[in-house]
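# Structure at a glance
Single-letter residue listing:
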Amino acid sequence: MNMATGAPEMHSPSERIDSQTCAKRWLVTTCIVALLVGCAAPAPLRQPYNAAAHREIVRIVVIEPEKPLQYIASPGTTRLVALVAGPFQGLGAIVGLPFLAVAEAVEFAKAGAFTETVGASNHDISLVLAEALQSELTAVGLHAVVRRVERAAQSTGDKPAWADDYGRWRDEADAVLDLQILEIGYRAYLPHTPYLPALVVGVRLVETRTLRILYRNTESFGFGRAPRGELGGDAYWRVGVLAEAGQGFATFEDLVVRREEALAILRDAARMVATRIASDFEKP
């Protein structure tokens, strides 16, 4: 990655798909094994925005995120494996790994089935998120427009693929707000609990003239604590907006049958996340 511009490395389409699949499998396995041995993942990097120090930043281009290639539909099985193996700590990996492969297979099967179901629907949550941010930024006194660009890669898990040329907007904007949907779908905390909406958005603001990163954040909607990386109260992503019980679905079958309702809830989640992000730009 280019450290000055944040540009991701280029890959061919076939390499992109293969690397994404491998990255997701590696990420899931690594995080679960970390859970089993009692290691907490580090908190995501956050850089607050100093509105008072950047009063010259008025015009902002909001880059619409790529449409997600995969929606999650986690039945909570990996969380259950972690809870069962957790008390063994040092033997966690040995105790849990026989069940890990089964749990991971269930996770991927349901994610694939839900993604296929979503694909048959007419929706565009990426655009909903970008337009909601445009509206919210305007409400706090900024001039924002939405633009879409072709990215060199697709975001995978907690690894965002940012746009590669912010300088192209120099004549149009003072800064670019780049968005990534890092996770979207539904998660059950445990196999017997409802599927609740989950949305994790990565965001950063880059000044077009200097290419300096002025703000970065990971904002999310879902559980009180995100299940990824959690053991003993530590969470990888601190959830900014809590999902409500009424937004849940009792079973995976219920989630699939009520697909349009599930997607409407995710669109509402995107608007709430946009409100949270825009609040960081309010001028003192």
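Let me begin by describing the structure that accompanies this report. Since the model is a prediction, treat every value here as computed from it, not as a measurement.

This brings us to the nonpolar core. Ranked by size, the top nonpolar core spans 51 residues in total, and within it Val62, Leu137 and Leu177 carry the most contacts. With ten residues, helix H6 (residues 259–279) is the single largest residue contributor to this core. Those residues in contact with Val62 that sit more than four places away from it in its chain are Ala130, Leu133, Leu137, Ala144, Val145, Val146, Arg147, Leu177 and Leu179. One finds Val145, Trp169, Ala173 and Val206 within the second-largest nonpolar core, a separate group that totals eleven residues.

Under the counting rule described, the total for this entry stands at seven aromatic pairs. Ring centres of Tyr49 and Phe281 lie 4.7 Å apart, and the angle between their planes is 40°; this geometry places the pair in the tilted category. With Tyr49 in the loop between helix H1 (13–36) and strand E1 (59–63) and Phe281 in the segment after H6, this pair connects stretches of sequence that are 232 residues apart. For Phe281, a relative accessible area of 1% translates into the label buried. When the centroid spacing of 4.8 Å and the interplanar angle of 65° are considered together, the rings of Tyr215 and Phe281 count as edge-to-face. In this pair, Tyr215 sits in strand E6 (residues 213–222) while Phe281 sits in the segment after H6, placing the two residues 66 residues apart along the sequence. For the pair Tyr215 and Phe281, a shared accessibility class is recorded, and that class is buried.

With that out of the way, let us pick up the pattern of salt bridges. Applying the stated criterion to the full structure yields 13 salt bridges. Taking the shortest distance from any N to any O, the salt bridge between Arg147 and Glu172 comes out at 2.7 Å. Of this pair, Arg147 sits in strand E3 (residues 143–147) while Glu172 sits in the loop between E3 and strand E4 (175–188), and the two are 25 residues apart along the sequence. Judged by relative accessible area, which is 30%, Glu172 ranks as partly exposed. One salt bridge connects Arg187 with Glu183, and the closest N-O pair in it is separated by 3.1 Å. Taken individually, Arg187 and Glu183 each receive the classification buried, so the pair is uniform in this respect. Taken together, the shared-partner salt bridges connect Glu64, Glu66 and Arg148 into one network.

On to helix H4 (residues 125–139), then. Between its terminal C-alpha atoms H4 stretches 21 Å, which fits the 21 Å expected from 15 residues at 1.5 Å a residue. Those residues of H4 lying buried are Ile125, Ser126, Val128, Leu129, Ala130, Ala132, Leu133 and Leu137. Against the buried residues of H4 lie E1, E3, E4, strand E5 (195–207) and H6. Residue Gly141 follows H4 closely and has a positive phi angle near 100°.

Here we come to the side chain of Glu66. Residue placement: Glu66 occurs in the loop between E1 and strand E2 (72–74). Of note is the side chain of Glu66, whose polar atom sits 3.5 Å from the side chain of Arg148.

We now examine H6. The terminal C-alpha atoms of H6 lie 31 Å apart, and with 21 residues this matches the ideal 30 Å at 1.5 Å per residue to within 8%. The set of residues buried in H6 consists of Ala262, Leu263, Ile265, Leu266, Ala269, Ala270, Val273, Ala274, Ile277 and Ala278.

Moving on, we come to unusual backbone geometry. The phi dihedral of Leu211 is positive, around 65°, even though this residue is not glycine. Here Leu211 lies in the loop between E5 and E6.

Structurally, Gly167 is set in the loop between E3 and E4. Given the relative accessible area of 19%, Gly167 is considered buried. Ignoring anything within four residues of it in the chain, the contact list for Gly167 reads Thr208 and Leu211.

Most of E4 sits out of view: 14 of its 14 residues are buried. Here E1 pairs with E4 via four bridges, running parallel. Residue pairing for E4: Ile63 is matched across the bridge by Asp178. Looking at chain direction, E2 and E4 are connected through three bridges and run parallel. Counterpart to Ala73 in the pairing with E4 is Tyr186. Relative to E5, E4 is paired through 13 bridges, and the arrangement is antiparallel.

With that settled, the discussion passes to the packing of H4 against H6. Axis separation between H4 and H6 bottoms out at 8 Å; the angle between their running directions is 35°. When the axes of H4 and H6 are compared, the crossing they make is right-handed. Residue-level inspection shows Ile125, Val128, Leu129, Ala132, Leu133, Glu136 and Leu137 of H4 in contact with H6, the latter providing Leu263, Leu266, Arg267, Ala270, Arg271, Ala274, Thr275, Ile277 and Ala278. Classifying every residue of the contact of H4 with H6 gives twelve nonpolar, one polar and three charged.

Conventions adopted
Residues numbered from 1 in each chain as written. Predicted model: local features only at pLDDT ≥ 70, side-chain atom pairs only at ≥ 80, totals over all residues. Heavy atoms only, no water. Core = buried A, V, L, I, M, F, W, Y, C linked by side-chain atoms within 4.5 Å. Buried < 20%, exposed > 50% of the residue type's maximum accessible area, 1.4 Å probe, protein only. Helix = DSSP H or I, 4+ residues; strand = E, 2+ residues; numbered from the N terminus. Contact = heavy atoms within 4.5 Å. Phe/Tyr/Trp six-rings, centres within 6.5 Å; stacked < 30°, edge-to-face > 60°. Salt bridge = Lys/Arg side-chain N within 4 Å of Asp/Glu carboxyl O. Expected span 1.5 Å × (residues − 1). Polar contact = N/O pair within 3.5 Å; in protein donor to acceptor, adjacent residues only side chain to side chain. Pairing = 2+ DSSP bridges. Axes fitted to C-alpha atoms, helices over the stretch in contact; angles between N-to-C directions. Left-handed = near helix turned anticlockwise from the far one by under 90°. Nonpolar A, V, L, I, M, F, W, Y, C, P; charged D, E, K, R; others polar.

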